[in-house]
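Listed below, chain by chain, are the residues.
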Amino acid sequence: MKFKLSKEPLSIFAYSSLTDIVMLLLIFFLLTSQFVIQTGVKVKLPGSKMNEKSEPSRMVVTLTTTGGVFAGEEEISIDQLPGKLGEMKAQTSEDNLVIRADKTVAIDLVIKVIDAAKISKIEKFTIETEKEKL
């Protein structure tokens, strides 16, 4: 049996392998993007037009509509918060506290969290917001 040999370049390019690679990349990014979603206590954050991206932090205090205070994912009372923040600061070596307060939470509770942070010698804090649509 004699095979035909030619030195001509291939004039037909098979797109099937390129399509497979693009589909695999698409599936990869769809699956990994699901892990970016924040877990924990669900709150409706207040809106802001000038919302800036903040770096992920392990020192997070969440305030719910029912008056619940969560340090990380653990529910605690407002009186226990300074001690818990001191523990969290010692474990993470971060000095930025992220406050995730529901938009209906009284400002009085937010001020108490800020006071607890200052008692724990945390000088920097961020109030997390959602970007408002223009």
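Computed from a prediction, not measured in an experiment: that's the story for all the values here.

Enquirer: Is there a simple way to think about the pattern of salt bridges in this case?
Expert: Side chains that differ in sign of charge can pair as their charged atoms come close. All chains considered together, the criterion is met by three salt bridges. Between E74 and K84 there is a salt bridge, with the nearest N and O atoms lying 2.9 Å from each other. A residue pair is termed long-range when its members are at least 10 positions apart, and E74 in strand β4 (residues 74-76) and K84 in helix α2 (residues 81-92) qualify at 10 residues. A relative accessible area of 39% means that E74 is categorised as partly exposed. With its nearest N and O atoms 3.7 Å apart, the salt bridge here joins D108 to K112.

Enquirer: I would appreciate a short explanation of the sheet that holds strand β2 (residues 60-63) in the present structure.
Expert: Across a sheet, paired strands are connected by hydrogen bonds in the backbone, their directions being either parallel or antiparallel. Sheet architecture is open: five strands sit in the order β4-β3-β2-β5-β6, paired in mixed fashion. A strand with exactly one partner marks an edge of an open sheet, and here the two such strands are β4 and β6 (124-127). Strand after strand, the sheet turns through a mean of 25 degrees between neighbouring axes, direction not considered. Sheet strands touched by α2: β2, β3 (69-71), β4 and β5 (96-101). Its angle to β3, the strand with the most contacts, is close to 20 degrees. Contacts from helix α3 (residues 107-119) reach β2, β3, β5 and β6 within the one sheet, and its direction differs from that of β5 by about 165 degrees.

Each value, and the rule that gives it
Residues numbered from 1 in each chain as written. Predicted model: local features only at pLDDT ≥ 70, side-chain atom pairs only at ≥ 80, totals over all residues. Heavy atoms only, no water. Salt bridge = Lys/Arg side-chain N within 4 Å of Asp/Glu carboxyl O. Helix = DSSP H or I, 4+ residues; strand = E, 2+ residues; numbered from the N terminus. Buried < 20%, exposed > 50% of the residue type's maximum accessible area, 1.4 Å probe, protein only. Pairing = 2+ DSSP bridges. Axes fitted to C-alpha atoms, helices over the stretch in contact; angles between N-to-C directions. Contact = heavy atoms within 4.5 Å.

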